[in-house]
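Observations on chain architecture
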Amino acid sequence: MDVHGTVAEGFEPVRDAFAGNFAALGDRGAAVAVYRAGRKVVDLWGGTRDVDPTDGAAGPPGAEPWRRGTAQVVRSATKGVAAAVPLLLHQRGELDLDAPVGEYWPEFKAHGKERVLVRHVLNHRAGLPVLDRPLSPDDALDPLRGPRAVAAQAPVWEPGTDHGYHALTYGWMLDELVRRVTGGRGAGEWIADEIARPLDLDLWVGLPAAEEAAGRAGRVGRLPEAEPTGGGPRLRPKRAVTEAYGDPASLTRRAFAAITPFPDQNDPAYRAAALPATNGVATADGLARFYAALIGDVDGVTRRVRLFDPATMERARAEESAGPDRVLVVGTRFGLGYMLHGSASPFLSPGSFGHPGRGGALGFADPEAGVAFGYVTNGFRKTVTADPRAQALVRAVRESLRRTGSDVDRV
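The structure reproduced in this document is the subject of the present report. What you are looking at is a predicted structure, and each value in this text was computed from that prediction instead of being measured.

**Quick notes on the overall build of the protein**
- A count of helices and strands for the protein gives 15 helices and 14 strands.
- By the compact-globule yardstick of 22 Å for 411 residues, the protein fits well, its C-alpha radius of gyration being 20 Å.
- Its C-alpha atoms give the protein principal-axis dimensions of about 55 × 45 × 45 Å.
- Counting the 411 residues in the protein, one finds 56% classified as buried.
- Pairs at least 24 residues apart make up 68% of the contacts formed inside the protein by residues separated by at least 6 positions.
- Surface accessibility of the protein: about 16,100 Å² in total, with carbon and sulfur atoms responsible for 49%.

Have a look at this one:
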């Protein structure tokens, strides 16, 4: 399998690891990008744009290669992009993170939610990871019905007292909160206007019709679980995790079943909707460049577009939630909208912040190393927070920093 693109001197381990993901871990189409100090040092892609080139693509298998600019649905890696919106609104003085959500969205106060603060939406402490009445796919794509369902839901724990991953409800809460603060502009529109366009990012929450017609997004799908080669261990989930996913009454199953059945992620209607928890479409470069702009200036931008000022950056990655996650049933760490480095979701260093996408994608920034990272794939696996393919690339970035003289012991 040919690997296309370039790496800067010293970052050859990333190219080797990327090729290894196809040879040993079953990747079919993927891309990775890395920025260092605002300059792109890795830009690689390979494989086919569709996880199954015979499904919906003309010609024999492999007829449609992954090209520079191929984008994919990145699932929950969308959350890290969406989290920038309320943080930037706070940075501009338009949103108080310590205010009750109901101050901006009065209907949200129902059923004891008066004590849910804006920061609880971002740090997964709102107590609202599930819907007692799951939404149908059509209802989920409606920009009004998801927020109404969350507003009508009672918390399943006292808001602010514990944390658990809000896999789907996060997006409806964030989107409606942004609409109320901005006078009607949803998170997807805000990202397009204030983030993607100024930074020239191939990144959308709500894929425009013109980009859909141009075939920018490949087809995603589920990969068979790969047996590691070379004698490596096969990772198995803990028994408690397996049981939680197998129990229809568990918070785990109910959180991921807030939309039932889940929409077809290759449906243009799904990609066109704005679901800030799950349906972002991005290139690896778009994801990495976004994170690069959170922590510094980015080469190639004609005007200064650093997104987070130093205080907002520290606020984003300051630990807000840590320990056993009531939904994911492993120990997780969250800042404000971002997962933090930890055993469940390893990034580059303890100072890293970002967000994985269930089954593959990953985007994060590490301010101490000056590194921003983006990986997208068309093949999803069972992993939720630490996909082996992304982790192989992160380890290769760490090795590359050693080669180029960085103090990696510090990161």
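That covers the picture; the talk isn't over yet.
**Overview of the packing of helix α7 (residues 169-182) against helix α8 (residues 187-199)**
- Packing of α7 against α8 leaves a shortest axis separation of 8 Å and a crossing angle of 65°. Judged on the interaxial angle alone, α8 and α7 are roughly perpendicular. The residues of α8 that touch α7, namely those facing Leu174, Asp175, Val178, Arg179 and Thr182, are Ala187, Gly188, Glu189 and Trp190.
- Residues belonging to the contact of α7 with α8 are distributed by class as follows: 4 nonpolar, 2 polar and 3 charged.

**A closer look at the nonpolar core**
- Membership of the largest hydrophobic core comes to 119 residues, with the highest contact counts inside it found for Phe290 and Tyr338.
- Those residues within four positions of Phe290 in sequence are excluded, and the remaining contacts are Gly80, Val81, Ala84, Ile195, Leu201, Leu203, Leu307 and Tyr338.
- Counting residues in hydrophobic clusters, the runner-up holds 8 residues, among them Ala71, Trp204, Val220 and Phe380.

**A few points about the sheet that holds strand β5 (residues 203-204)**
- Here 3 strands make up an open sheet; going across it, the order is β4-β7-β5 and the pairing antiparallel. Bordering the open sheet on either side are β4 (72-73) and β5, each of which pairs with just one other strand.
- In this structure, β4 lies alongside strand β7 (residues 281-282), joined through 2 bridges in antiparallel fashion. Each residue of the ladder has a partner; that of Gln72, found in β7, is Ala282.

**What to know about unusual backbone geometry**
- Here the amide bond leading from Thr260 into Pro261 is cis, since omega sits at -10°, within 30 degrees of zero.
- Topologically, Pro261 is positioned in the loop between α11 (251-256) and α12 (268-272).
- If you check the backbone angles, His111 has positive phi at about 60° while not being a glycine.
- By secondary structure assignment, the location of His111 is in the loop between α3 (101-104) and α4 (118-122).
- Here the phi dihedral of Val329 falls at roughly 60°; this positive angle occurs in a residue that is not glycine.

Thresholds applied
- Residues numbered from 1 in each chain as written.
- Predicted model: local features only at pLDDT ≥ 70, side-chain atom pairs only at ≥ 80, totals over all residues.
- Heavy atoms only, no water.
- Helix = DSSP H or I, 4+ residues; strand = E, 2+ residues; numbered from the N terminus.
- Rg over C-alpha atoms; globule rule 2.2 N^0.38 Å.
- Buried < 20%, exposed > 50% of the residue type's maximum accessible area, 1.4 Å probe, protein only.
- Contact = heavy atoms within 4.5 Å.
- Areas by Shrake-Rupley, 256 points an atom, 1.4 Å probe, with all protein chains shown as cover.
- Axes fitted to C-alpha atoms, helices over the stretch in contact; angles between N-to-C directions.
- Parallel < 35°, antiparallel > 145°, perpendicular 65-115°, else oblique.
- Nonpolar A, V, L, I, M, F, W, Y, C, P; charged D, E, K, R; others polar.
- Core = buried A, V, L, I, M, F, W, Y, C linked by side-chain atoms within 4.5 Å.
- Pairing = 2+ DSSP bridges.

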